[in-house]
Every structure is written in structure tokens, then in C-alpha cells.
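Next come the chains, spelled out residue by residue.
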Amino acid sequence: MSQRLVLVTGISGFIAGHVALQLIEQGYRVRGTARASKLDRYDAVDIPGFEVTEVNDLANDDLTSALKVFHEDVDVVMHIAAPLPGKDSVEGTISAAVEGTLNIVRQAEKAGITKIVVTATFGNVLDPSQAPAFTGATFTDSGALGPHDDGKIRQRPDDYFHIYFASKNLAEKALWDLRNPTPTSTSPPSSPDSYTAPSSKACPHPQARTSSGPTSGRTCSSTAAPPDPTSHPPGSSTSATSHVHTSSRSPSPARSPPPTPPPTPTPTPTPPPQPNLKRFLVNAGNLTWGDAAEHLRTTVPGATIAPLENFVALPGPASSLDTTRAREVLGLTAFIDPRKTMEDVAVDMLRLQKTWHAAQPRN
């Protein structure tokens, strides 16, 4: 088994936690990055081959110590960290996405690392409004970057998902601009759809419903109103998929990273980088929230499911992602069925709820 060391950024996040666990299962060692304020969460995490190092600002920090500690070089970098929607200003979100991506890639190359994987989002083949997600189209990884309009981005400071997708779009564009002049390393953006799965053993679980942590994400096992597909990312509301879990593994560590629709913007799309052979779309299929709720009614008896008639219809036919190249090149030939993943998520959330309830003080 390989003992190569992989640096995974944003280890406290949902995606990165699952990526770390799968890498370790395949024989890799993992060094995750986390802010100083989150390091103590990992005191109780005891997984052989797993460690966490402090990085407070991926956009500006010197990453030398993360990439090389005690003459132990990192072999692969997987940049998964991303700004959460609504956590920062428009400028802060864009800067974190763009400069964070460029900084980690530049410093990794300077350290002599030639295998770099950057997670993007399926939204990059659309546009920040994500309106094309409801047109019944099929999008490929060789397609152009979706158009973006800087003026419109800044005119909508409260549209968090629009800003998030715009920042991811700009980050991928900046990466390709960096790559095209001097293609010295492999830096393929991997673009997953929405992600849903049980929480990862490689990350501390939240201690209460309101606390932060890498949880199972949105589920239908709540008494709250079901998601409106026009006000949530199409990836989460039209297709609760992409799943960090796959039923077959890639032979090399390269995979694993969501939207609102007003009118489709008019700017011209950015052409894809030459023949686009280093970009992969990852998706397990479409599953509406209504279909997921109907399935959970029969498979997870303990889950409280909102009435099916409460689920809002999609504004148009759900588009799909062509994952042919991910299957052929990365070996991702079979994904766990979205319905099975939603079962696992519901069961995991019920387990967390019992844990939270048991921890509450009793009179």
C-alpha cells in the first residue's frame, strides 16, 4: 500500500473530511489544514496516518511548514477549502476563493509538487444564477466556463449562493489563466454536484443542532418546510447527489466540492482551456427532494418527513452532468445510488439527534 502524504485543505469541512477518510482507506497518509481556532476539535480524533496542521489564511499564509515538515515532503495537494456562502462580504468571498486557490497552487509548485487537485463546482459550467440547471440540458466537463458579470455580482450582496458560485467560477478561471502559460503540473479542477452523505469519522461531529461542524448536510428528515428548488442550489434541491461516497475507487487520489435562478446573464462564456483534458465532472444522478422524501418514508421509519404535497415543483426539467470522462479516466465507474445515500444521511442525522438529546441537562 502506498504511504504517500496528501495535503488536504479545509479539513474541517464536510467534503474534505470524507476525502481524508477515503485516502487513508486506500493507504495514503493525510495532513489536513485547519485554522488555529479549530485545532482543538481534533484532540479526540485518533486515526492512524491522519494529522492536522495550522493554516489560518490560505490566501496569504506561507504554506512551507504545511507542505514540508521535518523533511517529510507532501506528494499530492488536494485543495478543497472554500468560503461558505454568506460568511463574508462579496469581496472577501471572491478573494478567499481566487487568491486561496492561486496561493496553494503556486506554493505547491514551488515545493516541487506536481500532483495538484482543485475542487470546483458543477456550477462553473453554468453561470452564477444556475438558471440553466432547469433547462433539461446535458453539461460536459469540456464545456466553457459559465459567463459571469462582475457588476451583477456586486449588485446582489445578499444573494449568497450567487456570490459563492461566482467566486468558484472566478477561481477556476484564474487557475486556468495560471496554468495555460506554464503547464508544469497537473492541476485538474474536479467539479462535483451538490454533496450529501453521512458525517465523516475523520472530523469531529457537531455537539448540538446549532453548533458548527461537518454534518450530513441538508436532509428531508426535518419537520421544517421542505427546500424550495428555486431558492436553494439546484444541486441540493433538484439532485441530492454527487456524494463523496463512490462504490468504486479511483486508482489515484483525484476527486471529491453548490445555487438560485434569476434571468440568465448575458456575458460571453470563457472558452475552455485548449482541449480541456484535466477537468472532471462528478455526479451520481438526479434526485428531487420530493422523490427523496417519498423514498425515506418507507426506508427510514424514524424520520419525520414533511407531506409530499409540500414539496415545490422544479421550475423546469432538471439538467444533467455528463460524467463519462470521470468514469473512463479516474475509474469512477459506479456511484452509490442517491436514494441509498439519502437513507444513510437520514440514519446519521437521527443518530446525531439522539446524541444531542442525551447530552441535554435533565431537571
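Check the entry above for the structure.
Note that the structure is a prediction, hence the values are computed from the model and not measured.

(A) Quick look at the overall build of the chain. Counting its regular elements, the chain contains 9 helices and 11 strands. Looking at the 363 residues of the chain, the share that counts as buried comes to 53%. Of the roughly 15,900 Å² that the chain leaves accessible, carbon and sulfur atoms contribute 52%.

(B) Fine view of the environment of Ile11. With respect to the secondary-structure elements, Ile11 resides in the loop between β1 (5–8) and α1 (14–25). Expressed as a C-alpha distance, the spacing of Ile11 and Arg31, which sit 20 residues apart in the sequence, is 8.6 Å.

(C) Representation of the pairing of strand β7 (residues 115–119). In terms of residue burial, β7 counts as a mostly covered element, since 4 of its 5 residues are buried. Bridge count between strand β6 (residues 76–79) and β7: 4 bridges; the pairing is parallel. The residue bridging His79 from the neighbouring strand is Val118, located in β7. Assessed by its sense of winding, the connection that carries the chain from β6 through helix α3 (residues 90–110) to β7 is right-handed.

(D) Broad picture of the environment of Val8. You can see Val8 is positioned in strand β1. Taking the relative accessible area as the measure of exposure, Val8 reaches 0% and is therefore buried. A sequence separation of 70 residues divides Val8 from Met78, and the C-alpha atoms of the two residues are 4.9 Å apart. What Val8 contacts, discounting residues up to four positions off in sequence, is Ala16, Leu23, Val30, Arg31, Gly32, Thr33, Met78 and Ile80.

(E) Here's a closer look at the side chain of Ser12. Its place among the elements puts Ser12 in the loop between β1 and α1. Among the polar contacts listed, one links the side chain of Ser12 to the side chain of Lys38, at a separation of 3.4 Å.

(F) Quick look at the packing of aromatic side chains. Counting across every chain of the model gives 3 aromatic pairs. Aromatic side chains Tyr42 and Phe50 sit 6.2 Å apart centroid to centroid with 50 degrees between the ring planes, which places their arrangement in the tilted category. A centroid spacing of 6.1 Å and a plane angle of 80 degrees characterise the contact between Phe122 and Phe165, whose relative ring orientation is edge-to-face. With Phe122 in the loop between β7 and β8 (138–139) and Phe165 in helix α5 (residues 160–179), this pair connects stretches of sequence that are 43 residues apart. The same class applies to Phe122 and to Phe165, which are both buried. Aromatic ring contacts, followed pair by pair, group Phe122, Tyr164 and Phe165 into a single cluster.

(G) Local environment of the packing of helix α7 (residues 289–299) against helix α9 (residues 338–359). The interhelical angle for the contact between α7 and α9, taken along N-to-C directions, is 65 degrees, at an axis separation of 10 Å. The two elements α7 and α9 cross, and the hand of that crossing is right-handed. Side by side, α7 and α9 meet where Trp289, Ala292, His295, Leu296 and Thr299 of the first sit next to Arg339, Met342, Glu343 and Ala346 of the second. Broken down by class, the residue content of the contact of α7 with α9 amounts to 5 nonpolar, 2 polar and 2 charged.

(H) Inspection of the pattern of salt bridges at higher detail. Applying the stated criterion across every chain, the model contains 7 salt bridges. For the salt bridge of Arg279 with Glu172, the shortest nitrogen-to-oxygen distance reads 2.7 Å. On the basis of relative accessible area, Arg279 is assigned to the buried category, the value being 2%. A salt bridge links Arg351 to Asp348, with the shortest nitrogen-to-oxygen separation between them at 2.8 Å. Placement of the pair is Arg351 and Asp348 together in helix α9, with a separation of 3 residues, close to one helical turn. Residue Arg351 is classed as partly exposed on the basis of its relative accessible area, which comes to 35%.

Calculation notes
Residues numbered from 1 in each chain as written. Predicted model: local features only at pLDDT ≥ 70, side-chain atom pairs only at ≥ 80, totals over all residues. Heavy atoms only, no water. Helix = DSSP H or I, 4+ residues; strand = E, 2+ residues; numbered from the N terminus. Buried < 20%, exposed > 50% of the residue type's maximum accessible area, 1.4 Å probe, protein only. Areas by Shrake-Rupley, 256 points an atom, 1.4 Å probe, with all protein chains shown as cover. Pairing = 2+ DSSP bridges. Right-handed = clockwise from strand over helix to strand, strands pointing away. Contact = heavy atoms within 4.5 Å. Polar contact = N/O pair within 3.5 Å; in protein donor to acceptor, adjacent residues only side chain to side chain. Phe/Tyr/Trp six-rings, centres within 6.5 Å; stacked < 30°, edge-to-face > 60°. Axes fitted to C-alpha atoms, helices over the stretch in contact; angles between N-to-C directions. Left-handed = near helix turned anticlockwise from the far one by under 90°. Nonpolar A, V, L, I, M, F, W, Y, C, P; charged D, E, K, R; others polar. Salt bridge = Lys/Arg side-chain N within 4 Å of Asp/Glu carboxyl O.

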